[in-house]
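Residues per chain are reported as follows:
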Amino acid sequence: PLFCFYKIQHSIQLAKDLKAKNPEMNFVPVFWLEDNDHDILEASFANVLNSNYEITEVSSLCDMQYQSRDLTSKLVIPKELPKQLDSLFEKLPNTQYKAETKELYLNSYKAGMYCNVGFLNLLQNFFGDSGLLFLSASKARELGYSRFVALLEISNQWKSVELISRANKKLK
């Protein structure tokens, strides 16, 4: 999630910079959570530093039944998660943040919730006080917003480009 953290922090900083340049306007940092970006099998592997500070690959799947190409937004967190996190954190170096980080993950990801909701909880722990607005791609698709926006774009061709260009000129 490090790249997500970078993009989120950039969005927050951009809103602050725009406010400083345009004090009469308000800006809300937005992060589009593309929670259908990976399938379960693809997203289940990560490289971490082990206790010897060597790069090692870990999997969150273990022996779970989720070895599939389903979207991550459809993954329900299993009750085995605490055991999996114990296994993962045993491999990590002992640092002053290890226990706190593990607790943060356990509090963010709960058995029975969808994985993308757990990730959103994790992000809220870090950025919740910044005024950041999270938009979930899977929820937008589920509610038909994507279809609505596409139809609006087709019926008002180039209108969004015109509106964005006009707003950009005001900000310069």
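Residues numbered from 1 in each chain as written. Predicted model: local features only at pLDDT ≥ 70, side-chain atom pairs only at ≥ 80, totals over all residues. Heavy atoms only, no water.

**Q** Honestly, the nonpolar core in this entry has me stumped. Any pointers?
**A** Note that soluble globular proteins tend to have their nonpolar side chains buried in a common cluster. In this structure, I8, F31, F119, L123, F127 and L132 are the most contacted members of the largest nonpolar core, which totals 20 residues. Those elements that provide at least two residues to this core are α1 (2-21), β1 (30-33), α3 (81-91) and α5 (115-127). The contact partners of F31, leaving out residues within four places of it in the chain, are C4, K7, I8, L123, L132, L133, F134 and L135. (Core = buried A, V, L, I, M, F, W, Y, C linked by side-chain atoms within 4.5 Å. Buried < 20%, exposed > 50% of the residue type's maximum accessible area, 1.4 Å probe, protein only. Helix = DSSP H or I, 4+ residues; strand = E, 2+ residues; numbered from the N terminus. Contact = heavy atoms within 4.5 Å.)

**Q** Looking at this model, I keep getting lost on the pattern of salt bridges. Mind explaining?
**A** Side chains carrying opposite charge are able to pair once their charged atoms draw close together. The full count for this structure, using the stated rule, is five salt bridges. Here E34 makes a salt bridge to R141, at a shortest N to O gap of 3.3 Å. With a gap of 107 residues between them, E34 in the loop between β1 and α2 (40-43) and R141 in helix α6 (residues 137-142) connect regions that are remote in the sequence. Residue classification places E34 among the partly exposed residues on the basis of a relative accessible area of 28%. Between K139 and E142 there is a salt bridge; the shortest N-O distance is 3.2 Å. Of this pair, K139 and E142 both sit in helix α6, three residues apart, which is roughly one turn of the helix. Note on K139: relative accessible area 40%, which makes it partly exposed. E142 gets classed as exposed once you look at its relative accessible area, which sits at 58%. Shared partners join several salt bridges into a network, and the residues in it are K159, E162 and R166. (Salt bridge = Lys/Arg side-chain N within 4 Å of Asp/Glu carboxyl O.)

Any link to function would need more than the numbers given here.
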